[in-house]
Amino acid sequence: MSELPLPPESRVLGRHLGAGGIEVSPLAWGMWRLADNGRSAADAAKLVHAALDAGITFLDTADIYGFDGNGGFGDAEVLLGEVLAAEPGLRDRMVLATKGGILPPLPYDQSADYLRKAIDDSLARLKVDSVDLWQIHRPDILAHPQETARVLDDVVASGKVRSLGVSNFTIHQTAALNHLLGTKLVTTQPEISALRIDCFENGELDQAMMLGLTPMAWSPLGGGRLAVPETPRDKAVAAALDSVAEAQGVSRTVCAYSWLMAHPAGIIPIIGSQNAERIAESAEALKVRWTRTDWYAVLVAARGVPLP
Ligand code: NAP
């Protein structure tokens, strides 16, 4: 008997931020690398258009993007702000997400005063009145979640932020903050790729399904390693993806995005490419169909040992 593909529901065409929240595209585009190499606002605008034209309307940035170890804090938001100021109609075509809570050289800060100012500063750099999703970038273990929850509820009530998410939180950190928030979390953003598979078995995705959080996968190509695999493990994962990619007439990277999207938690891969053709191509991930056999073959290649 031939195996049935996983149901299309698991690649949901329209995703939402949390249960019944803001509608977003099934892929997001990330701007971690937007301000690299002194990119101009005109060139940044071309990338924004490439994403929107490909149907990728969920855009993810952060206040720290652009920071290179010495300076550049806020540069990616400033650049997007220039794009939006030059073409104000773009704002309505996107669901805009940003993050804060990391301030170099101090590692992480979620004190109420810091967060309030960080959110105001992001809005000023982006030249917008509000963002659709604001995420805590990394957990500050010195902040009591009650204090963090209070300020986050305030910014939602003020209209500056429409919804809330976390990134790089442990399961218990997510649960504690969510418990104390009036406006519940709608997203979680861990690193997930065919090279970073912890989430599939450590309970993070199960928690996301339990709490109705939409998982956003950062570095879905392992920061590009899946495009140019070097280690034996990376090559084995690439080979497992290639066999499905070749059969379905897509590139390995497109196949890598679709592998994440086949998970029932409704993972949204955040495309990291800053190349217009690659951004456009990523939308082909919607047409790839996975069987359990093929999906688990990629997982087994990533584990490096057979399933028990
Ligand atoms: P990625 O998709 O894993 O890697 C993208 C990199 O791979 C780019 O430098 C890209 O270069 C390169 N690449 C090489 N060949 C490629 C190909 N054939 N197709 C596509 N890309 C190829 O993603 P990422 O940039 O590491 O991360 C994606 C997003 O995740 C970020 O923009 C950010 O929004 C988010 N993120 C979040 C966190 C967090 O802590 N929450 C951390 C890191 C990232 P080109 O640009 O030349 O295509």
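Provided above is the structure to which this section pertains.
Keep in mind that this is a model prediction, so the values were computed, not measured.

Enquirer: Give a description of the sheet that holds strand E8 (residues 133–136) that names residues and reports values.
Expert: Overall, parallel pairing links the eight strands, which are arranged E3-E4-E5-E8-E9-E10-E11-E12 in a closed barrel. If you compare each strand with its neighbour and ignore which way they point, the axes differ by 25° on average.

Enquirer: Go over the pattern of salt bridges with me, naming the residues and quoting the values.
Expert: Under the definition given, this model contains 16 salt bridges. The salt bridge partner of Arg91 is Asp132, with a shortest N-O separation of 3.1 Å. Highlighted residues: Arg91 in the loop between helix H2 (75–86) and strand E5 (95–100) and Asp132 in the loop between helix H3 (112–126) and E8, separated in sequence by 41 residues. We note that Arg91, like Asp132, is buried. Close ionic contact of Asp198 with Arg196 constitutes a salt bridge, the shortest N to O distance being 3.3 Å. A residue is classified by how much of its surface remains accessible, and Arg196, at 36% relative accessible area, is partly exposed. Connected through shared salt-bridge partners, Arg91, Asp132 and Arg162 make up one network.

How each quantity is defined
- Residues numbered from 1 in each chain as written.
- Predicted model: local features only at pLDDT ≥ 70, side-chain atom pairs only at ≥ 80, totals over all residues.
- Heavy atoms only, no water.
- Pairing = 2+ DSSP bridges.
- Helix = DSSP H or I, 4+ residues; strand = E, 2+ residues; numbered from the N terminus.
- Axes fitted to C-alpha atoms, helices over the stretch in contact; angles between N-to-C directions.
- Salt bridge = Lys/Arg side-chain N within 4 Å of Asp/Glu carboxyl O.
- Buried < 20%, exposed > 50% of the residue type's maximum accessible area, 1.4 Å probe, protein only.

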